[in-house]
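# Observations on the three-dimensional arrangement
What follows is the residue order along each chain.
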Amino acid sequence: MTVRPSYLSISVMLFLCSLFFDALELNTGSAFSAMHLLIAGWWGVIFELYGWFANPLLALALLCRRRWPRLALVIALAAWGLALSCLWISRVPDNHSYDFARVAGFGWGYYLWLAAFTVFAAGQGWHCWQ
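Thresholds applied
- Residues numbered from 1 in each chain as written.
- Predicted model: local features only at pLDDT ≥ 70, side-chain atom pairs only at ≥ 80, totals over all residues.
- Heavy atoms only, no water.
- Helix = DSSP H or I, 4+ residues; strand = E, 2+ residues; numbered from the N terminus.
- Contact = heavy atoms within 4.5 Å.
- Polar contact = N/O pair within 3.5 Å; in protein donor to acceptor, adjacent residues only side chain to side chain.
- Core = buried A, V, L, I, M, F, W, Y, C linked by side-chain atoms within 4.5 Å.
- Buried < 20%, exposed > 50% of the residue type's maximum accessible area, 1.4 Å probe, protein only.
- Expected span 1.5 Å × (residues − 1).
- Pairing = 2+ DSSP bridges.
- Axes fitted to C-alpha atoms, helices over the stretch in contact; angles between N-to-C directions.

## Regarding the environment of Ser-18
Summarising the element assignment, Ser-18 is placed in helix H1 (residues 7-18). For the pair Ser-18 and Leu-112, spaced 94 residues apart in sequence, the C-alpha separation works out to 5.0 Å. Dropping the residues within four chain positions of it, Ser-18 is found in contact with Ala-34, Gly-109, Leu-112 and Trp-113. Reaching out from Ser-18, the side chain makes a polar contact with the backbone oxygen of Phe-15 at a distance of 2.6 Å.

## Let's talk about the nonpolar core
Counting 32 residues, the largest nonpolar core has Val-92, Val-103, Tyr-110, Trp-113 and Phe-117 as its most contacted members. Counting only elements with at least two residues in this core, the list comes to H1, strand S1 (22-26), helix H3 (54-64), helix H4 (69-85), strand S4 (100-106) and helix H5 (108-129). The contacts of Trp-113, once residues within four sequence positions are left out, are Phe-15, Ser-18, Gly-51, Ala-54, Asn-55, Ala-83 and Cys-86.

## Structural notes on H5
With 22 residues, H5 should reach 32 Å at 1.5 Å per residue; the first-to-last C-alpha distance of 31 Å fits that figure. Taken residue by residue, H5 has Gly-109, Tyr-110, Leu-112, Trp-113, Leu-114, Ala-116, Phe-117, Phe-120, Ala-121, Gly-123, Gln-124 and Cys-128 as its buried positions. Where H5 is buried, its residues meet H1, S1, helix H2 (34-40), H3, H4 and S4.

## Section: the pairing of S4
With three bridges connecting them, S1 and S4 associate as antiparallel partners. When the sheet's bridge partners are listed, Glu-25 is paired in S4 with Gly-105.

## Some thoughts on the sheet that holds S1
With antiparallel pairing, the four strands of this open sheet are ordered in space as S2-S1-S4-S3. Where the open sheet ends on each side, the last strands, each with one partner, are strand S2 (31-33) and strand S3 (91-93). With direction set aside, neighbouring strand axes in the sheet form an average angle of 40°. Where H5 meets the sheet, it contacts S1 and S4, and its direction lies at approximately 135° from that of S1.

So, in structure tokens, the structure goes:
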């Protein structure tokens, strides 16, 4: 008997792995870890940064995936779109200087986080298509 991981377990593992890496690298030389952004990212709404809301949408899609698979797919695609929109963030408030810092790049934390959304949305789409 072979064990074949499902898209759900791969997605959750990618999400959890992302929390151990930096997600945003700033031009000041500092960086935000993905864990920090998960905990405090909801404050971004004050600065019109809405990408953090992909997290609760993913959780909602996970809850809906069996009972309402098509609704879960729509929610997952919305979460994926919000996660992808983070690529257009150009500046964020810096906790060290209390000023805005420019985003110099994205770290492994962001890309693993985005991969979690991609895997779940693709897997849920495949599940609905079957």
